[in-house]
Amino acid sequence: MEGCRENPGESSFSVPGPQESARVPVVFPPEVTEGCAVRPPEATSKKLCGYLSKFGGKGPIRGWKSRWFFYDEKKCHLYYSRTAQDANPLDSIDLSNAIFDCKVEAEEGTFEIKTPSRVITLKAANKQVMLYWLQQLQAKRWDFHSSLPAPTLPTAPDPNATALVGNEPAVDLDLELEKFLCPVETPTGLVGVAAAQQPLPTLPSALQNISLKHLGTEIQNTMCNILGSKQPQGSGLGPPGEDSPQSGEPQREEQPPVPTPSIPEKELQESPKPMPKSSLTANLIQKAKRQNHTFPRFPEGLARGRTPHEKVEALKQHVLTLTKDLESQKELVKILHKALEAAQLEKRASSAYLAAAEDQDRLELVRHKVRQIVALSRRVEALELERESLVQTASLRERQVQELQQQVQLLMDKNQAKQQVICKLSEEVMHHPTPPKSADRDFLSQQEKMEHLKDDMEAYRTQNRFLNSEIHQVTKLWRKVAEREKALLTKCAYLQAKNCQVESKYLAGLRRLQEAMGGEGSKCVELLRQLTQEALQQEAREAAVDSVGLSPISEYDEYGFLAVPDYEVEDLKLLAKIQALEVRSHHLLAQEEQPLRERWAALGELAPSAELKQLLRAGVPRELRPRVWRWLIHLRVRHLQVPGHYQKLLSQGRTCEHPAARQIELDLNRTFPNNKHFTCPTSRFPDKLRRVLLAFSWQNPTVGYCQGLNRLAAIALLILDDEESAFWCLVAIVETIMPADYYSKTLAASQVDQRVLQDLLAEKMPRLMAHLGQHHVDLSLITFNWFLVVFVDSLISDTFLRVWDAFLYEGTKVVFRYALAIFKYTEEQILRLQDGLEIYQYLRFFTRTISDGWKLTSIAFNDMNPFRMKQLRQLRAVHRERLEAELRELEQLKAKYLESRASQGQTVPGGCASEEEGEGEGEA
């Protein structure tokens, strides 16, 4: 334990923290630390410390305990100990996330500190002290949080902002407090360093103030105080709290009396009349003086002919004795608790028996008691059997111990005989010395080498310790540099996103000027063309100069699709550049990725649930998508999956050629021309896709092959990278998710869904449907392919894969939601178009301009509600009947036409010659 420092003008007492032994200075007044200089008043006025009563404990010793509280500025922790002179605090309270509360109905001066892990109830001497503590704790908490470094970048940057947002000025806490409660004056002598000399409140029992939860800390503090009391009185370096002869004040009594063996704890706790603390302490001191040989607690007992080592050993033995006594008392309390619970149960049963109104109820209670007695009897019998088995085991163990003792005795006798032989041989060697031989010389040289090796090893150890410290220092520097680099990269990404937004607006302005000017003003048109070419060529120059790749968007995305669409029309190339810039900006400013990844990490095992549904709607992270898709596919086709089924279908395809093989071969080269995995000549994906499609044509002969299945299977291959998994994904979509004849020759179910979509559009967006109807626009020409391939080749890869995440789990309802969301997303742009041909031209590529996938998802699953599956089934049934009626009518017209052609097939109109007649004339 450290004493007072010899620094003039400063007196402090270092208190280690509960975990990392942090040193928290506690400053004492001159009356407490006599012989040491103190800090000036302005230095000690900021310290927040004082005595408070803390409610705690368990069982019979639960109640108020007096504690010394002091605040640590650096950690924002409120430490507390039993007295102000204790070397180690008992525990601490983290105030950084704490809230303070004082209830009206509680006792005067009582308030609570609520942390995320526990609630601490404290009581001050009066209301003024309570309010002072509450205001000071609020101020300390605010000062701690205001001193933390603020982030340099906003969490959700405004897209229209042109500069980084700085930190807001801090709020003056004193002005804020004055709005609610006037500042409370400092209670004189009750808080601060002056409170250290106040006597502890009188308690019914001195043991009640001891913390059994932190018994080790209490013992350490007691030993520190005992060792500190050995210092000479005239040295001026006595322990804190012990008065010198010059003070003229009575001895301090903060330390609780420690019971001696002659005064057990039980007598102290069961004393009917509480003894005053001063008299109890005096009695204990006198008894300890008389019995210093039993427990050398006081300096008089320690100074009588004992060495320091003996004193320490005596103290350790006494600590062990007290610990054992405490354990026995704890066991006794547990036994008493169990006996009390049994008595309470018996009392309840007796009360219920006496309170029963009828004999039947009393009889039932007696039966219940009899059943309990039978159960207890069985338990007693089981315990008896167990006791007998334990007795037998103990007897066996005793026999084994006896056998082992006999073996040990034999080994000792043998060892003694060997020692006698060794002694005789040693005497012979001493009486007849022999000259050193070559073996002895080799032995000595080996010993010398070993000494050298030990020296080298010690040198290497020293070097290793130095290198470890150096590595530690370099690691700290590296971490600091890495954090700085991360902050700079974040700032660069933000600035790059802002640059993309500005450039996108500039290009959009150029495009609007092109559309507005048309062919007017040849000089202006030439200037606009030049500016447009410079803007399109700017990206190549930036890529050559920029060496830090911050943007996740490159020429190809992570799945091999072109990030910038390759439009052949000159006007659309500018639109493609605008689209790429918007996609890059959204990727750089995306704030949803990290919380989404944390939610996926906390999900654990995959199982159908509402949480999984929400996560799939938000999108699956790239690294988790293959595992999640395999689970979703297995959920759909587990009743169809048979081990080795895919290989059997492949072997069947090698035996004989399927009629759809020629069409599959033609469509392979047309699959994803904008994806490098299917356009590269050396890629293995086309061969995999061929095998998957051929296997499916044998799996489902009613469908065989339909245009569009190649793109569905290709997406499954890109994500799962496994032929068999891609095959089962295609089976799940065609046979379990989509309606039965969605990919049949007539595409009947696909046509039905197009009519259902138009009904839903008329319900959700009547203005848009009226506008399209006015210009005679047939949406099925655009949307038919959306449903057939689930938006593949329509939306950018990041967006349509998010559609697939929810589609594989929820089904076709997701396709309708996203189709409606796409039109809602671009509704205003379509309404501004006033020509049917212009509308068709816009609808041909407008889905590729949707860059904000999060906004589209929000529209699909929030703005399109309510969207009930029951309504979708009803609309499908109605349009199915209408379509079948139209098909039947068309078949009837076709049959009539064929009959009329058959009836008129043999007659030739007059004046016309048949081919046979013409040929006959020619030959003649």
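Note that the coordinates shown come from a computational prediction; the quantities given were computed from them, not determined experimentally.

1. Points about unusual backbone geometry
Okay, so step 1: Here the amide bond leading from Asn865 into Pro866 is cis, since omega sits at 0°, within 30 degrees of zero.
Okay, so step 2: In this structure, Pro866 sits in the loop between helix 29 (853-863) and helix 30 (869-903).
Okay, so step 3: Although it is not a glycine, Leu747 adopts a positive phi angle of roughly 55°.
Okay, so step 4: Mapping Leu747 onto the fold places it in the loop between helix 21 (723-737) and helix 22 (748-764).
Okay, so step 5: Positive phi values are uncommon outside glycine, yet Phe791 reaches one of about 70°.
Okay, so step 6: With respect to the helices, strands and loops of the structure, Phe791 is situated in the loop between helix 24 (780-789) and helix 25 (797-810).
Okay, so step 7: Given the relative accessible area of 0%, Phe791 is considered buried.

2. Quick word on the environment of Lys311
Okay, so step 1: You can see Lys311 is positioned in helix 8 (residues 308-355).
Okay, so step 2: Classification of Lys311 as buried rests on a relative accessible area of 14%.
Okay, so step 3: The sequence separation of Lys311 and Leu227 amounts to 84 residues, and the corresponding C-alpha distance is 9.9 Å.

3. Quick notes on the sheet that holds strand 3 (residues 49-56)
The pairing of strands in a sheet comes from backbone hydrogen bonds and takes either a parallel or an antiparallel form.
Okay, so step 1: In space, the seven strands of this open sheet follow the order 6-5-4-3-9-8-7, with antiparallel pairing throughout. Pairing within the sheet leaves two strands with one partner each, and these edge strands are strand 6 (91-94) and strand 7 (99-101). In this sheet, neighbouring strand axes are inclined to one another by 35° on average, regardless of whether the strands run parallel or antiparallel.
Okay, so step 2: For strand 8 (residues 110-114) and strand 9 (residues 119-123), the ladder comprises five bridges, and the chain directions are antiparallel.

4. Looking at the nonpolar core
Burial of nonpolar side chains together is a common tendency in soluble globular proteins.
Okay, so step 1: With 114 residues, the main nonpolar core has Leu709, Ile715, Tyr743 and Phe791 as its most contacted residues.
Okay, so step 2: Ignoring anything within four residues of it in the chain, the contact list for Leu709 reads Leu693, Phe696, Val703, Gly704, Leu730, Val734 and Tyr743.
Okay, so step 3: Counting 26 residues, the second-largest nonpolar core is a separate cluster that includes Ile120, Met130, Tyr132 and Trp133.

5. Remarks on the packing of helix 15 (residues 625-637) against helix 21
Okay, so step 1: Closest axis-to-axis distance for the helix 15/helix 21 pair is 9 Å, and the angle between their directions is 50°. It follows from the interaxial angle that helix 15 and helix 21 lie oblique. Handedness of the helix 15/helix 21 crossing: left-handed. Residues Arg630, Ile633, Arg636 and Val637 of helix 15 form the contact with helix 21, whose own contacting residues are Ser725, Trp728, Cys729, Val731, Ala732, Thr736 and Ile737.
Okay, so step 2: For the contact of helix 15 with helix 21, the class distribution of residues is seven nonpolar, two polar and two charged.

6. Digging into the pairing of strand 4 (residues 63-72)
Okay, so step 1: The element strand 4 is extensively covered by neighbouring structure, given that nine of its 10 residues are classed as buried.
Okay, so step 2: Two strands pair when backbone bridges link them, and strand 3 and strand 4 are joined in this way by eight bridges, in the antiparallel orientation. In the sheet register, Ser53 faces strand 4, and the bridge partner there is Ser66.
Okay, so step 3: Strand direction decides the pairing type here: strand 4 and strand 5 (residues 77-81), joined by five bridges, are antiparallel. If you follow Trp68 over to strand 5, its bridge partner there is Ser81.
Okay, so step 4: Hairpin remark: strand 4 followed by strand 5, antiparallel, with four residues in the connecting loop; positive phi at Cys76, about 60°.

7. What to know about the packing of aromatic side chains
Okay, so step 1: In the structure shown here, the tally under the stated rule is 19 aromatic pairs.
Okay, so step 2: Ring geometry for Phe823 versus Phe846: centroids 6.0 Å apart, planes at 35°, classification tilted. One end of the pair, Phe823, is in helix 26 (residues 813-825); the other, Phe846, is in the loop between helix 28 (836-845) and helix 29, and 23 residues separate them in sequence.
Okay, so step 3: Put simply, the rings of Trp786, Phe791, Phe823, Tyr842, Phe845 and Phe846 touch in pairs and so form one group of aromatic residues.
Okay, so step 4: Sitting above the plane of the Phe685 ring, Lys688 keeps its charged end 5.7 Å from the centroid.
Okay, so step 5: The lysine or arginine in question, Arg802, covers the ring of Trp854, its NZ or CZ lying 4.2 Å from the ring centre.

8. Some details on the confidence of the model for the protein chain
Okay, so step 1: Across the protein chain, pLDDT averages 75, with 68% of residues at or above 70.
Okay, so step 2: The least confident element of the protein chain, judged by mean pLDDT, is strand 1 (residues 13-15) at 36; the most confident is helix 26 at 95.
Okay, so step 3: The low-confidence segment residues 1-45, where pLDDT is below 50, has 103 contacts with residues more than four positions distant or belonging to other chains.
Okay, so step 4: Here residues 911-924 is modelled with pLDDT under 50, and outside its nearest four sequence neighbours on either side it reaches zero contacts, counting other chains as well.

9. Observations regarding a negative patch on the surface
Okay, so step 1: Together, Glu448, Glu451, Asp455 and Asp456 give the surface a local cluster of negative charge.
Okay, so step 2: Relative to the helices and strands, Glu451 is located in helix 10 (residues 438-517).
Okay, so step 3: The exposure class assigned to Glu451 is partly exposed, which follows from its relative accessible area of 45%.

10. Some remarks on the side chain of Asp852
Okay, so step 1: Take Asp852: it is sitting in the loop between helix 28 and helix 29.
Okay, so step 2: Polar side-chain contacts of Asp852 include one of 3.3 Å to the backbone nitrogen of Lys855.

11. Some details on helix 17 (residues 661-668)
Residues three or four positions apart in an α-helix share a direction because the helix packs 3.6 residues into each turn.
Okay, so step 1: All buried positions along helix 17 are accounted for by Ala661, Ile664, Asp667 and Leu668. Within helix 17, the buried residues cover an arc of 125° as seen down the axis, which keeps them to one side.
Okay, so step 2: Buried-residue contacts for helix 17 involve helix 19 (685-699) and helix 20 (709-720).

12. Considering the pattern of salt bridges
Okay, so step 1: For the structure on display, the rule yields 25 salt bridges.
Okay, so step 2: Here Glu384 ties to Arg387 by a salt bridge, and the two come within 3.3 Å at their closest N and O atoms. Here Glu384 pairs with Arg387, and both are found in helix 9 (residues 359-431), just three residues apart, close to one helical turn.
Okay, so step 3: Owing to a relative accessible area of 46%, Arg387 belongs among the partly exposed residues under this scheme.

Cut-offs and rules
- Residues numbered from 1 in each chain as written.
- Predicted model: local features only at pLDDT ≥ 70, side-chain atom pairs only at ≥ 80, totals over all residues.
- Heavy atoms only, no water.
- Helix = DSSP H or I, 4+ residues; strand = E, 2+ residues; numbered from the N terminus.
- Buried < 20%, exposed > 50% of the residue type's maximum accessible area, 1.4 Å probe, protein only.
- Pairing = 2+ DSSP bridges.
- Axes fitted to C-alpha atoms, helices over the stretch in contact; angles between N-to-C directions.
- Core = buried A, V, L, I, M, F, W, Y, C linked by side-chain atoms within 4.5 Å.
- Contact = heavy atoms within 4.5 Å.
- Parallel < 35°, antiparallel > 145°, perpendicular 65-115°, else oblique.
- Left-handed = near helix turned anticlockwise from the far one by under 90°.
- Nonpolar A, V, L, I, M, F, W, Y, C, P; charged D, E, K, R; others polar.
- Phe/Tyr/Trp six-rings, centres within 6.5 Å; stacked < 30°, edge-to-face > 60°.
- Lys NZ or Arg CZ within 6 Å of the ring centre and 35° of its normal.
- pLDDT = per-residue confidence, 0-100.
- Patch = residues over 30% accessible without salt bridge, like charges linked within 9 Å, V, L, I, M, F, W, Y side chains within 5 Å.
- Areas by Shrake-Rupley, 256 points an atom, 1.4 Å probe, with all protein chains shown as cover.
- Salt bridge = Lys/Arg side-chain N within 4 Å of Asp/Glu carboxyl O.
- Lys, Arg positive; Asp, Glu negative; His and termini not counted.
- Charge placed at Lys NZ, Arg CZ, Asp CG, Glu CD.
- Polar contact = N/O pair within 3.5 Å; in protein donor to acceptor, adjacent residues only side chain to side chain.
- Arc of directions from axis to C-beta.

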